[in-house]
Protein chains: 2
Amino acid sequence: MPRNRSGSGVDLHLDLDTSGGRRTGLERALRTAVATGRLAPGAVLPSTRALAAELGFSRGTVSAAYDQLAAEGYLTAVPGSSTRVAEVARPDATPPARGDGRTSAGSATARSASAPPIPHGQAFPGDHGNPAHDLLPGRPDLSAFPSAAWLRSTRRVLTAAPPEVHALGDPRGRPELREALAGYLGRARGVHADPARVVITSGYAQSLGLLAAVLAGAGTTAAAMEEPGHPLHRVTVRRAGPDIVPLPVDDLGARADALGPAGAAVLTPAHQYPCGATLHPDRRRAFTAWARDTGGTVIEDDYDGEFRFDRQPVGALQGTAPDHVVYAGTTSKTLAPALRLAWLVLPERLVEPVVEAKRVTDAHTQSLGQLVLADLIGGHAYDRHVRASRLRYRRRRDLLVEMLHARAPHVRVQGVAAGLHALVLLPDGGPGEDEIMRRAAALDLALMPLRDHWQDPAGRPQGLIIGYSTPQGRAYPAALDALCTVLA
Amino acid sequence: MPRNRSGSGVDLHLDLDTSGGRRTGLERALRTAVATGRLAPGAVLPSTRALAAELGFSRGTVSAAYDQLAAEGYLTAVPGSSTRVAEVARPDATPPARGDGRTSAGSATARSASAPPIPHGQAFPGDHGNPAHDLLPGRPDLSAFPSAAWLRSTRRVLTAAPPEVHALGDPRGRPELREALAGYLGRARGVHADPARVVITSGYAQSLGLLAAVLAGAGTTAAAMEEPGHPLHRVTVRRAGPDIVPLPVDDLGARADALGPAGAAVLTPAHQYPCGATLHPDRRRAFTAWARDTGGTVIEDDYDGEFRFDRQPVGALQGTAPDHVVYAGTTSKTLAPALRLAWLVLPERLVEPVVEAKRVTDAHTQSLGQLVLADLIGGHAYDRHVRASRLRYRRRRDLLVEMLHARAPHVRVQGVAAGLHALVLLPDGGPGEDEIMRRAAALDLALMPLRDHWQDPAGRPQGLIIGYSTPQGRAYPAALDALCTVLA
């Protein structure tokens, strides 16, 4: 990691790690320097020519890195003038005036410090108001919703579709989408997907509710769920009848030796929510062996399986035991939670009862959205969007890890190999969740504590689930700065 | 009803009833003449000048009537040449070849003659195949779906909306739609609608399921439902817990003296399904008095209240007792069942439990469709579409009534003052439902018998629920011709 001093006289103090490529390393180093304040707002950067000479890079590499950071809002580049560090909003400054008529954020974030929060995709606008800094998990980068592609596909569908598509449809969902998904899931997630076993639902919450009701109706009295895990998913399962068997989670994922009397197990194998472990191959085998031996059912919640950063994606567990594992996917992390579009790939024996439950519940999921998604998948716009999103989330993940490493080295960060969130564990003896949430409320920083993800949080590790997809441009380093401040 | 002989030598034998206006009367008479075969396919009509002179009408009136019937597919008008009767497909001809790859209709309609059909909006493509003639109830004219307006609104919404609209939303639904609906329902249906009491759902089946679950949770053990009524709605209610108390239906609508132990009553006051009566004012008062006195809840299923033809629309029952009546509306008859967009206007006490049930069931109904509908209502495109649809359905209703009057005078037709269907009662001593369904299958005519709408059909009146929205253009008189043939 060479230190450098640019020809312009500005000491950049860049911590350069070029193992991922020169341009990537330079971009990362610049982001960290801006975000940590080592490069102050308004500071003039060296010319691309001067910095290229200093670092021994090509001028094009430096220029490309500047362009990228300008596009991300870290730098401002005025043609014919110097490149400067952008004016980053500081958390201790007065929040900018808001003209959108939404409620003030102060009380909402103050509330989030005391009332039980609604985690992972279950919050809704107003739950947390409109905080100055938003590091809540559970949603993708909504500003990246592919509106133009969605509109183009809508036009294609409405132009081409016969009137019949507006009729009440098949409770399994549109054949066009089930076909497109079978191809996509096989290719992207290693799912063994026959369109005849795919059922389209109105979101994962509905998927899980339908499954729980069907399994309860078939005699399942207990379902194993990860501990910690998503609290609302526990509510959904319990509402359908089954008791919850807590499955402890460690660094290898959920423990398969704790299934007890469970007839079903709900797992997040690719990226455990919220701890972030990838289910170990031995555990994968243990769960599928259990399902085969006992007739049990594994429900694989693949909520963010598309977003794996540092290695090849881990294939779906379902691909190894399609007659025992239900695969559950969603557009909530790849496109938008508000679409309420999700899918199940079912073992043969569950197809008919799940379809009947879906039919009685709401007849079928709305058709137009299904046809548009099928068109997006068929034209590969969906793949392109996922790839572009993965790159963006990876950069954000990197900055989170670097800033915490630099400014809060006492916390442990885990689960960063994939997804849109990381778990920050608070060390014993330091400030706990309550104190951190109080500090965050004072900075108008919305955070999600770990506590509600335990069935009983007493004596459990404390931490924060950091979602890194919401703040845009300069607001992201500012939010991370606020996070580091409350953790310090 | 003057008989006429046109100057051209073609005897039109028009049965003219001009009480609704000359043009309307002439159009109706021409439609009946074509549909009944009195005017044969290919026959040359008199010139507008000759017929106008014959009837003593203005030439413009005759010309407008010809244009209308040409637009509807009854006549073909070639500029500079004679107007002729269009080549109407006859039911005993070979069904036209189908290029859409769907299953042959023969077996599907044959099946519908023996297997229990799925009535009123619960059928799905494939259930009845693709019959040559489709007079099934439960769907609007799908070919009239306002694709261009929907697409324009989608563009407006996607262009104007902040990223936040893609986030997980309020379980009550988008505020824009709840606001727009409160205005529309007050104006169009006399509903006492406060946006804070509106909950958007994914179709009436879900609305009813949520209500039944909430009422059951609050101690309701029995719900009164109309007899005959929609069989799947009974399944939905029973699945949530309550037993069904059958409410007999007569010419004044459901009987309020048969509520027995029911804690809730599900009614179709504007247009009883399937018999078509409008609930009498005395009955309306009796049901709301019962609800007030006993703390009972009336659920008003206003599935086609927008389509009343011969009088002013009957205002919603909810408007007279908003703290005791739940108003339930839907886009399934005004736009398309596949949208799965519906709404509830709730008494204050039910808002919070229904919203909680909705949240746990599927978080909320997809946002984009809600925003598009709000835009359509706000820009009055929705009102325009409903008005245009009402006019089309009225014409179709008229032709149905006229043809049955002319060719099957032994059947009783009822429920024709509103909606998209009529009930045809089969007289005792003539062929019953089984025989009629057998004859229909032979003509590839899809019909819905009344039998499954009774909890126990033994000894009940027999009939057919005729939906008149599906066959387009020339296919409609051909379908009616087939109906008259099987009834004859």
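Right, let's talk about the interface of chain B and chain A for a bit. By a widespread convention, an interface's size corresponds to the accessible area lost as its parts come together. Taken together, the contact pairs 47 residues of chain B with 47 residues of chain A. Between chain B and chain A, a total of about 4,300 Å² is buried, with carbon and sulfur atoms accounting for 63% of that surface. E164(A) is the salt-bridge partner of R139(B), the closest N and O atoms lying 2.9 Å from each other. Counting every contact that joins chain B to chain A gives 9 residue pairs in polar contact (both at pLDDT 80 or more). Among the elements of the structure, α5 (147-160), α7 (204-217), α8 (231-240), α10 (348-362) and α11 (367-378) of chain B are those that each provide at least two residues to the side of chain B that touches chain A. The dominant element in the side of chain B that touches chain A, judged by the number of residues it contributes, is α5(B), at 6 residues.

What follows is about the sheet that holds strand β11 (residues 342-345) of chain B. All names here are of chain B. Here 8 strands make up an open sheet; going across it, the order is β4-β11-β10-β9-β8-β5-β6-β7 and the pairing mixed. Edge positions in the sheet fall to β4 (198-201) and β7 (253-254), since each of these pairs with one other strand and no more. Sheet topology places strand β5 (residues 222-227) next to strand β8 (residues 264-267); 3 bridges connect them, and they run parallel. Paired with A224 across the two strands is A265, which belongs to β8. Strand contacts of helix α6 (residues 175-189): β4, β10 (325-330) and β11, with the helix running at about 105° to β4, the strand carrying the most contacts. Its contacts with the sheet place α8 against β5, β6 (243-250) and β9 (297-301), and it is angled at close to 175° to β5.

Take the packing of helix α5 (residues 147-160) of chain A against helix α11 (residues 367-378) of chain A next. All names here are of chain A. Where α5 meets α11, the axes come as close as 9 Å, and the angle between the chain directions of the two elements is 110°. On the basis of their axis angle, the class for α5 and α11 is roughly perpendicular. Of the two elements, α5 crosses α11, and the hand of that crossing is right-handed. Along the contact surface, α5 presents A149, W150, S153, T154, R156, V157 and L158, while α11 presents L368, G369, L371, V372, D375 and L376.

Residue and element names in this part refer to chain B. With 14 residues, α7 should cover 20 Å at 1.5 Å per step; its first-to-last C-alpha distance of 20 Å lies within 8% of that length. Buried residues dominate α7, accounting for 10 of its 14 residues. Of the residues making up α7, those classed as buried are Y204, A205, Q206, S207, L208, L210, L211, A212, V214 and L215. Immediately downstream of α7, the backbone of G219 shows phi near 105°, a positive value.

Right, let's talk about the packing of aromatic side chains for a bit. Under the criterion given, the structure shown has 8 aromatic pairs over all chains. Seen in terms of ring centroids, F145(B) and W150(B) are 5.8 Å apart; in terms of plane orientation they differ by 50°. Their pairing is tilted. Accessibility assignment for this pair places F145(B) and W150(B) in one class, buried. With 5.1 Å between their ring centres and 80° between their planes, Y184(B) and Y382(B) make a pair best called edge-to-face. Remark: Y382(B) occurs in helix α12 (residues 381-407) and Y184(B) occurs in helix α6; sequence separation between them is 198 residues. For the pair shown, Y184(B) and Y382(B) are each scored as buried. The ring centre of Y476(A) lies 4.6 Å from the NZ or CZ of R396(A), which sits over that ring.

The next point concerns the relation of the copies chain B and chain A. Mapping chain B onto chain A leaves a residual RMSD of 0.2 Å; the transformation is a rotation of 180° accompanied by 0.1 Å of translation along its axis. A rotation of that kind, with that shift, is consistent with a two-fold axis. In this assembly the copies share their binding face: 100% of the residues contributing to the interface of chain B also contribute to that of chain A.

Ranked by internal contacts, the top residues of the largest apolar core, which has 168 residues, are L447(A), L483(A), L487(A), L447(B), L483(B) and L487(B). Those residues within four positions of L447(A) in sequence are excluded, and the remaining contacts are L135(A), L136(A), I436(A), M437(A), A440(A), L464(A), I466(A), L483(A) and V486(A).

Definitions and limits used
Residues numbered from 1 in each chain as written. Chains lettered and ligands numbered in written order. Predicted model: local features only at pLDDT ≥ 70, side-chain atom pairs only at ≥ 80, totals over all residues. Heavy atoms only, no water. Contact = heavy atoms within 4.5 Å. Buried area = accessible area lost by both parts, 1.4 Å probe. Salt bridge = Lys/Arg side-chain N within 4 Å of Asp/Glu carboxyl O. Polar contact = N/O pair within 3.5 Å; in protein donor to acceptor, adjacent residues only side chain to side chain. Helix = DSSP H or I, 4+ residues; strand = E, 2+ residues; numbered from the N terminus. Pairing = 2+ DSSP bridges. Axes fitted to C-alpha atoms, helices over the stretch in contact; angles between N-to-C directions. Parallel < 35°, antiparallel > 145°, perpendicular 65-115°, else oblique. Left-handed = near helix turned anticlockwise from the far one by under 90°. Expected span 1.5 Å × (residues − 1). Buried < 20%, exposed > 50% of the residue type's maximum accessible area, 1.4 Å probe, protein only. Phe/Tyr/Trp six-rings, centres within 6.5 Å; stacked < 30°, edge-to-face > 60°. Lys NZ or Arg CZ within 6 Å of the ring centre and 35° of its normal. Least-squares fit on C-alpha atoms with pLDDT ≥ 70 in both. Core = buried A, V, L, I, M, F, W, Y, C linked by side-chain atoms within 4.5 Å.

Functional significance is not addressed by these values, which are geometric in nature.
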